[in-house]
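Chains, contacts and geometry: an overview
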Amino acid sequence: MNQWISNYLSAQKAAHDSIPLDTVKELIGDMRAALRDGRRIFVFGNGGSAANASHFATDLGKGASDKVGKRFHVLSLNDNISWMTALANDYSYEDVFVGQLQNYAGRGDFALGISVSGNSPNCVKAMIWAKQNGLRTAALVGARRGRMAEIADRVIVIADTHYGRVEDVQMTICHMLCYAFIEHPEWAE
């Protein structure tokens, strides 16, 4: 068991070491621009990635906003379960995110999709719609990349396919996007 734990932690470290620092810096710049310009930030994912999306929206919307003294307009599209189930029931599960973007999003807003596979049909459809409607887009995906990596303006590929490890690294990236402003509120200016 000790060997398995040691191997797991070694693989987790390697996954974290695959984070492209320049792309994280660019995403921090995207968050800053959205704040400065009063743009909305939409985030979405399935399963563990949905939990990461909700966590990110909380940290950016509350924690980072409190520190910079200006509010990030951030919304996790995973958090209105009655709307999601209405869209899934009346249209399809592929429409649970795009249906919300159609109501909320506008040109110049920002969409962040989180998916280990990069191929979740509802995330892909939302990314396509976002690109077609003038949103800036980013995807956090695992080593298989998937369609989201082909669509998004900015892509961070975590060099692993293990769902747990990739989701942990994706949350680390989300925390960096928030804590950049929590620990350095002057970067919001």
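Position labels on residues start from 1 in each chain and follow its written sequence. With pLDDT at 70 or above as the cut-off, local features in this predicted model cover only qualifying residues; side-chain atom pairs require 80 or more to be listed or tallied, and sums for whole chains, interfaces and linings still use all residues. Note that the side-chain values use all heavy atoms of the structure and ignore hydrogens as well as water.

Remarks on the pattern of salt bridges
Here is the rule we go by: Salt bridges, as used here, are contacts in which a Lys or Arg side-chain nitrogen is within 4 Å of a carboxyl oxygen on Asp or Glu. Secondary structure elements follow DSSP: runs of H or I no shorter than four residues count as helices, runs of E no shorter than two count as strands, and numbering proceeds from the N terminus. Using a 1.4 Å probe on the protein chains alone, a residue whose accessible area is under 20% of its type maximum counts as buried, one over 50% counts as exposed, and one in between counts as partly exposed.
A full pass over the atoms with the stated rule returns twelve salt bridges. The shortest N-O distance in the salt bridge between Arg-154 and Glu-26 comes to 3.1 Å. With a gap of 128 residues between them, Arg-154 in strand E5 (residues 154-157) and Glu-26 in helix H2 (residues 21-37) connect regions that are remote in the sequence. Judged by its relative accessible area of 37%, Glu-26 falls in the partly exposed class.

A short note on unusual backbone geometry
Apart from glycine, the bulk of residues carry a negative phi angle, and the bulk of peptide bonds sit in the trans form. At Arg-145, a residue that is not glycine, the phi angle is positive and equals roughly 65°. Following the sequence through the fold, Arg-145 ends up in the loop between strand E4 (136-141) and helix H7 (146-151).

Some remarks on the environment of Phe-97
The cut-off we apply is this: Any pair of residues with heavy atoms lying within 4.5 Å of one another is described as a contacting pair.
Within the element layout of this structure, Phe-97 appears in the loop between helix H4 (81-90) and helix H5 (98-104). Here Phe-97 falls in the buried class, since its relative accessible area comes to 0%. In this structure the C-alpha to C-alpha distance between Phe-97 and Leu-87, which are ten residues apart in sequence, comes to 8.7 Å. Those residues in contact with Phe-97, other than ones at most four positions away along the chain, are Phe-44, Gly-45, Asn-46, Leu-77, Asn-78, Met-84, Asn-122, Cys-123 and Ala-126.

Spatial relationships are all this shows, so hold off on functional conclusions.
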